[in-house]
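# Chain and residue survey
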Amino acid sequence: MINIKNLHCQYGDLKVLHGIGTTIKKGEKVAVIGPSGAGKSTFIKALNYLVPPTQGILEIEDLKVDFETITPKEIQKLRRKSAMVFQQHELFLNKTVFDNILIPMTVVQNIPKDKAVEEANEILEKVDLIDKKDKYPLMLSGGEQQRVGIGRAIAVHAPLLLMDEPTSSLDPELVGELLSLIQLMIEEEQKTLIIVSHALNLVKEIVDRIIFLYEGNILAEGTPEYIFNGSRDPTLKKFLYSLSLAN
Amino acid sequence: MGFKFNFFLTVFPEILPFLKITLFLAITAYLLALVLAIIISVCRTFKIKGINKFLDLYISLFRSTPIVTQLFFIYFGIPQIIPAFGMIDEMIILIIVLALNEAAYMAEVIRGAFLSIPRGQYDAAKSIGMTTRETLQHIVIPQAIRIALPGLVNSIISLTKGTSIGYTIGVLEMLTASQLYGARTYRTIEVYVAVLLIYWAIVLIMTRFQSGVENRLNRRYS
Ligand SMILES: Nc1ncnc2c1ncn2[C@@H]1O[C@H](COP(=O)(O)OP(=O)(O)OP(=O)(O)O)[C@@H](O)[C@H]1O
Ligand SMILES: [Mg+2]
């Protein structure tokens, strides 16, 4: 279970999140939507402290941190609770595909080398990149790089997966394929997912809940059915309308 | 007079032994400069107050004045105020000046390399749970070395040539040796052609090595 209470974030004087809270069940898949600048990336990056919140309480499984008093040790523990897939992949450029997937296991989790190698191979099979295992990230296409990104996130063995627009740098025809892969990988491992995405028509098929973020506040949340047809929030309706025009 | 080819051939056995000294000076100065440059770039990256002002001044001073002036200042100037300084071997003075000079450049090369590592690499490392030490060791330093390496190999080339200013304070390196040989034999053209050829050959070998290293690194990444 993940419990977020009164989450505040700011950059300098610019307040971006104004005390957000929600509870997410183990294994639940949640999409975060909202207009550009709403604070979606900030929200998702606050959960692994890539952006340090100024206030708030976060519970993930057995770990509870208060961002006003968080210690370096707690930050380290918090980061072990989640893995992230980035919009621009952010693979380790000096490591091969294989090592990108191996490194969370060998360096961070201290899994014995032979066991880690075996599992890295399994992950590479799943993301269908076993024949590219010795290549470096920049030798791969965008779609292939993102599959490595997903593989690396799986190798972290964390209960929570955070994805910030994992498909928006890809060609449109690859988006569905990648989302199916994400769905497959997380179903298998019962992971909790929080995904920011603009590919709403596809994402709504794989999530249980949608959170609508607007100017740093949650204006609406519920099942995809509720968000698309149930909610009467005028700002949400306007946002969905503008999105449908864009598609 | 003209160019005496037979005499020209006798120059090489005379001055080649001093190439050892030239290379010794260059390599020693290089290692010292490398250590200095790493310390300087760490201080500047972490913006350590006080030290930083001093380092800016040092870098500016050494990059904006002729190296011979720096050498004369330290070798001839300082002993007038601190006489004990005059006891130091000129070879050591030369190594120190060369190192101080090159370190100012190398520090900028190293700092630039670290600054050019994209923020996303740090974020990705943090996101998989790496500590700062692990991030530096496995991700940042290997990439920074790759970026800095061509510049750092450049420094050894420039130091190899730079050792020749040792002549001005009487360090017996290759240029001084050839100058002495020329004076002894009353021949100059053959001697200086020979010494030019030796410097040239050494630098060509180093440049080869440099592009070899660069190609290897580029092949590995993309
Ligand atoms: N590193 C930063 N420094 C200063 N301001 C920032 C920084 N990152 C984001 N912001 C600002 O914070 C606000 C929220 O940004 P955020 O990236 O969280 O939005 P977003 O919802 O992810 O938008 P998008 O859909 O465009 O990715 C924006 O006004 C943005 O300009
Ligand atoms: Mg964003």
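Every chain's residues receive numbers from 1 upward, in the order its sequence appears when written. Key to labels: chains lettered from A, ligands numbered from 1, both in the order written. Side-chain atom pairs in this predicted model are given and counted only at pLDDT of 80 or more, local residue features only at pLDDT of at least 70, and totals for whole chains, interfaces and linings cover all residues. To obtain the side-chain values, all non-hydrogen atoms of the structure were included, while hydrogens and water were left out.

## Section: the overall build of chain A
Secondary structure is summarised from DSSP: a helix means a run of H or I of at least four residues, a strand means a run of E of at least two, and numbering begins at the N terminus for each. Each helix and strand in chain A was counted, giving nine helices and 10 strands. Put simply, the radius of gyration uses C-alpha atoms, and a globule should come to 2.2 Å times the residue count raised to 0.38. Taken against the 2.2 N^0.38 rule, which gives 18 Å for 247 residues, the C-alpha radius of gyration of chain A at 18 Å falls within 12% of a compact globule. In terms of its C-alpha atoms, chain A occupies a principal-axis envelope of roughly 55 × 45 × 30 Å. The buried label applies to any residue whose accessible area, calculated with a 1.4 Å probe on protein chains only, is under 20% of its type's maximum; exposed applies above 50%, and partly exposed to all values in between. Of all 247 residues assigned to chain A, the portion counted as buried reaches 55%. Only heavy atoms matter for contacts: two residues are in contact if any of them lie within 4.5 Å across the pair. Looking at chain A alone, contacts between residues at least 24 apart form 65% of all its contacts between residues at least 6 apart. The charge count includes Lys and Arg as positive and Asp and Glu as negative, but it does not include His or the ends of the chains. Charge positions are represented by NZ for Lys, CZ for Arg, CG for Asp and CD for Glu. Of the side chains in chain A, 28 bear a positive and 33 a negative charge, and the two mean positions are spaced by 4 Å.

## Focus on the interface of chain B and chain A
Facing the 21 residues of chain B at the interface are 24 residues of chain A. Throughout, buried area stands for the accessible area (probe radius 1.4 Å) lost by two parts on being put together, summed over both. Summing both sides of the interface, chain B and chain A together bury roughly 2,000 Å²; the carbon and sulfur share of this comes to 60%. Salt-bridge detection follows one rule: a side-chain nitrogen of Lys or Arg within 4 Å of a carboxyl oxygen of Asp or Glu. Summed over the shared surface of chain B and chain A, the number is zero salt bridges. Polar contact is the term for a pair of N or O atoms within 3.5 Å; when the atoms are in protein, one must be able to donate a hydrogen and the other to accept it, and sequence-neighboring residues count only if both atoms are side-chain atoms. Counting every contact that joins chain B to chain A gives six residue pairs in polar contact (both at pLDDT 80 or more). Those elements that place two or more of their residues in the side of chain B that touches chain A are α6 (119-127), α7 (132-162) and α9 (189-221) of chain B. At eight residues, the largest contribution of residues to the side of chain B that touches chain A is made by α6(B). Of the residues in the side of chain B that touches chain A, the class split is seven nonpolar, eight polar and six charged. Each residue is assigned to one of three groups, with Ala, Val, Leu, Ile, Met, Phe, Trp, Tyr, Cys and Pro labelled nonpolar, Asp, Glu, Lys and Arg labelled charged, and all others, Gly among them, labelled polar.

## Examining the confidence of the model for chain B
Residue and element names in this part refer to chain B. On average, chain B scores 92 in pLDDT, and the residues at 70 or more come to 98%. Per residue, pLDDT captures the predictor's confidence, and it can take any value from 0 to 100. Mean pLDDT in chain B bottoms out at α9, which sits at 89, and peaks at α6, which reaches 97. The complex model carries a pTM of 0.87, and its ipTM stands at 0.93.

## Some words on the sheet that holds strand β6 (residues 82-85) of chain A
Residues and elements named next belong to chain A. One open sheet holds the six strands; their spatial order is β6-β7-β8-β3-β9-β10, and the pairing between them is mixed. Two strands bound the open sheet, and with one partner strand each, they are β6 and β10 (217-222). Ignoring which end each strand starts from, the neighbouring axes of this sheet average 20° apart. Pairing between two strands requires that DSSP report at least two bridges joining them. Here five bridges tie strand β7 (residues 160-164) to strand β8 (residues 192-196), and the two strands are oriented parallel to one another. If you follow L162 over to β8, its bridge partner there is I194. Each axis is a line fitted through C-alpha atoms, taken for helices only over the stretch in contact, and angles between the N-to-C directions span 0 to 180 degrees.

## Quick word on the domain arrangement of chain A
All names here are of chain A. For the domains described, the bounds stem from an automatic or database domain assignment. Domain annotation for chain A reports domain 1 (1-81 + 161-247) and domain 2 (88-157). In this assembly, 13 residues from domain 1 lie in contact with 14 residues from domain 2. Interface of domain 1 and domain 2: buried area, both sides summed, is about 1,300 Å²; carbon and sulfur atoms make up 69% of it. Of all residues in domain 1, R80, L181 and M185 bury the most surface against domain 2, accounting for 39% of the area lost on that side. The interface formed by domain 1 and domain 2 includes zero salt bridges.

## With respect to a nonpolar patch on the surface
Taken together, the side chains of B:I38, B:V42, B:F46, B:I48 and B:I51 present a nonpolar region at the surface, about 440 Å² in accessible area. One can find B:I51 in helix α3 (residues 51-64). Patch membership is restricted to residues that have no salt bridge and whose relative accessible area is over 30%. Joining uses 9 Å for like charges and 5 Å for the nonpolar side chains Val, Leu, Ile, Met, Phe, Trp and Tyr. Areas reported as accessible are Shrake-Rupley estimates using a 1.4 Å probe. Residue values count occlusion only from the protein chains shown.

## Structural notes on the sheet that holds strand β2 (residues 14-24) of chain A
All names here are of chain A. Taking strand neighbours across the sheet as the criterion, the four strands line up as β2-β1-β4-β5 in an open arrangement whose pairing is antiparallel. If you trace the sheet from one side to the other, it starts and ends with β2 and β5 (63-66), each paired once. Here the strands of the sheet are splayed against their neighbours by 15° on average, with no regard to which way each runs. Across four bridges, strand β4 (residues 55-60) lies against β5 in antiparallel orientation. Directly across from I60, in β5, lies its bridge partner L63. On the sheet, helix α2 (residues 72-80) packs against β4 and β5 and is oriented at approximately 130° with respect to β5.

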